[in-house]
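# Residue-level structure breakdown
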Amino acid sequence: MSALSALKGPYAKVINDDVDEASEADGVYKYDKDDTHFDEAMVYHHLNIIHDYFKKEHGYNGLDKVMKATVHYGTNYDNAFYSPWTGGFAFGDGNRLNDLAKEAAVIYHEYTHAVTGQIVHMQYANESGAMNEGFSDYFGCLLTNDPELGEWTVKKLNKPYMRSLEENVHYPEDIHGEVHHDGKIWGCSCWDLKKALGTEVASKLIHKCRYYLSYRAKFVDGLRGLIEADKVLYGGSHVEKIKEVLAKRGISLPAETEVSEDNMRYKELYNE
């Protein structure tokens, strides 16, 4: 990383809750992993990577602005989050967990929450909240090319990972009423699509389908959104495969398919 006298650019500004922020006269930010400033460089670097991914691969510019991220947030804070109220990110340095700023997939996961929230405001509960988490797990794992998320984060707990997108979960019997757990159903469905359709096609459909969702969207509305996205992007050439893949996870259209509220929202907004 070079040519920056402080870790602030057009899309990210990183601050440190423990000490003054890093400032290097030569514009080179290179630290040992145990240096407090390592987390700042890590988060800055990966926020820019995922911003550029969404812009380059999907033409998405909804977050073309400086977004604040705080590392070493709180005291031994065992979590990371995106706040829709402040529009910023926070990464705790862990107590039972390891420092969350040191895992790229966690950074990508949180940024994807910001993307989803900018596209559609979804209730953070029930199936809509689970879908929100599933989207974030999918793109977090996509950019690391690894279906397992949180290997570093939970290492002290002697667990192999926090979540995996290749788990054997099925709707509706694996619904537990907690968005991270239930989100595995949607995240795994998206990962299945990646394997069935290829990374580029699946990821474009998964990104685009968010424009068809609404506040209380359910998994079946996500399926409808994928179908509508495929019609727009690929002339409907993958519709049957999409239905087949999601049906294996228990997500299917009802016998009499109606025009959903989510589809109507998209068509009204985008005249499609």
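Residues numbered from 1 in each chain as written. Predicted model: local features only at pLDDT ≥ 70, side-chain atom pairs only at ≥ 80, totals over all residues. Heavy atoms only, no water.

## Things to note about the overall build of the protein
Each helix and strand counted, the protein has eight helices and six strands in total. Tracing the protein from N to C terminus, the helices and strands come up as β-α-β-β-β-α-α-β-β-α-α-α-α-α. At 19 Å, the protein has a C-alpha radius of gyration in line with the 19 Å of a compact globule built from 272 residues. Each of the three principal axes of the protein carries a C-alpha extent, and together these read 65 × 40 × 30 Å. The buried share of the protein, taken over its 272 residues, is 53%. Partitioning the contacts of the protein with sequence separation of at least 6, the portion at a separation of at least 24 is 65%. Summed over its atoms, the accessible surface of the protein is roughly 12700 Å², and 48% of this surface lies on carbon and sulfur atoms. (Helix = DSSP H or I, 4+ residues; strand = E, 2+ residues; numbered from the N terminus. Rg over C-alpha atoms; globule rule 2.2 N^0.38 Å. Buried < 20%, exposed > 50% of the residue type's maximum accessible area, 1.4 Å probe, protein only. Contact = heavy atoms within 4.5 Å. Areas by Shrake-Rupley, 256 points an atom, 1.4 Å probe, with all protein chains shown as cover.)

## Side note on the sheet that holds strand β4 (residues 88-92)
What the four strands build is an open sheet, ordered β1-β2-β4-β3; its pairing is mixed. In this open sheet, the two strands that pair with only one neighbour each are β1 (12-16) and β3 (80-83). Pairwise comparison of adjacent strand axes, ignoring direction, gives a mean angle of 15 degrees for this sheet. Strands in contact with helix α1 (residues 36-58) are β1, β2 (67-73) and β4; relative to β1, the strand with the most contacts, it is inclined by about 160 degrees. (Pairing = 2+ DSSP bridges. Axes fitted to C-alpha atoms, helices over the stretch in contact; angles between N-to-C directions.)

## What about the pattern of salt bridges?
Charged atoms that come close allow side chains of opposite charge to pair. Following the criterion strictly, the structure yields 13 salt bridges and no others. Asp192 is the partner of Arg249 in a salt bridge, and the nearest nitrogen-oxygen pair spans 2.7 Å. Remark: Asp192 occurs in helix α4 (residues 179-197) and Arg249 occurs in the loop between α7 (239-247) and α8 (261-270); sequence separation between them is 57 residues. A relative accessible area of 10% means that Arg249 is categorised as buried. Under the relative-accessibility criterion, Asp192 is labelled buried at 15%. Lys241 serves as the salt-bridge partner of Glu244, at 3.3 Å between the closest nitrogen and oxygen. (Salt bridge = Lys/Arg side-chain N within 4 Å of Asp/Glu carboxyl O.)

## Points about the packing of α4 against α7
Two numbers describe how α4 lies on α7: the axes approach to 9 Å, and their chain directions differ by 135 degrees. Between α4 and α7, the interaxial angle falls into the category oblique. For the pair α4 and α7, the crossing hand works out as right-handed. Here Trp186, Ser189, Asp192, Leu193, Ala196 and Leu197 of α4 come into contact with α7, specifically with Lys241, Ile242, Val245 and Leu246. In terms of residue class, the contact of α4 with α7 is made up of seven nonpolar, one polar and two charged. (Parallel < 35°, antiparallel > 145°, perpendicular 65-115°, else oblique. Left-handed = near helix turned anticlockwise from the far one by under 90°. Nonpolar A, V, L, I, M, F, W, Y, C, P; charged D, E, K, R; others polar.)

## Examining helix α6 (residues 219-234)
Relative to the 22 Å expected for 16 residues at 1.5 Å per residue, α6 spans 22 Å between its end C-alpha atoms, a close match to the ideal helical length. Within α6, burial applies to Phe219, Asp221, Gly222, Leu223, Arg224, Gly225, Leu226, Ile227, Glu228, Ala229 and Asp230. Directly beyond the C-terminal end of α6, a positive phi value near 65 degrees is found at Gly235. (Expected span 1.5 Å × (residues − 1).)

## Examining unusual backbone geometry
Cis geometry is found at the peptide bond from Tyr171 to Pro172, where omega equals 5 degrees. With respect to the helices and strands, Pro172 occurs in the loop between β6 (163-164) and α4. In the Ramachandran plot, Asn76 falls in the positive-phi region, its phi being about 50 degrees despite a non-glycine side chain. Relative to the helices and strands, Asn76 resides in the loop between β2 and β3. On the basis of relative accessibility, which here comes to 43%, the residue Asn76 falls in the partly exposed class. Positive phi outside glycine occurs at Asn158, with the angle close to 60 degrees. By secondary structure assignment, the location of Asn158 is in the loop between β5 (148-149) and β6. On the basis of relative accessible area, Asn158 is assigned to the exposed category, the value being 73%.

## Overview of the pairing of β4
Where burial is concerned, most of β4 is hidden: five out of the five residues are buried. Side chains Gly88, Ala90 and Gly92 project from β4 onto one buried face, and the interleaved Phe89 and Phe91 project onto a second face that is buried too. Looking at chain direction, β2 and β4 are connected through four bridges and run parallel. When the bridges of β4 are listed, Thr70 appears paired with Ala90. Direction of pairing for β3 relative to β4: antiparallel, over a ladder of four bridges. Across the sheet, Ser83 pairs through a bridge with Gly88, a residue of β4.

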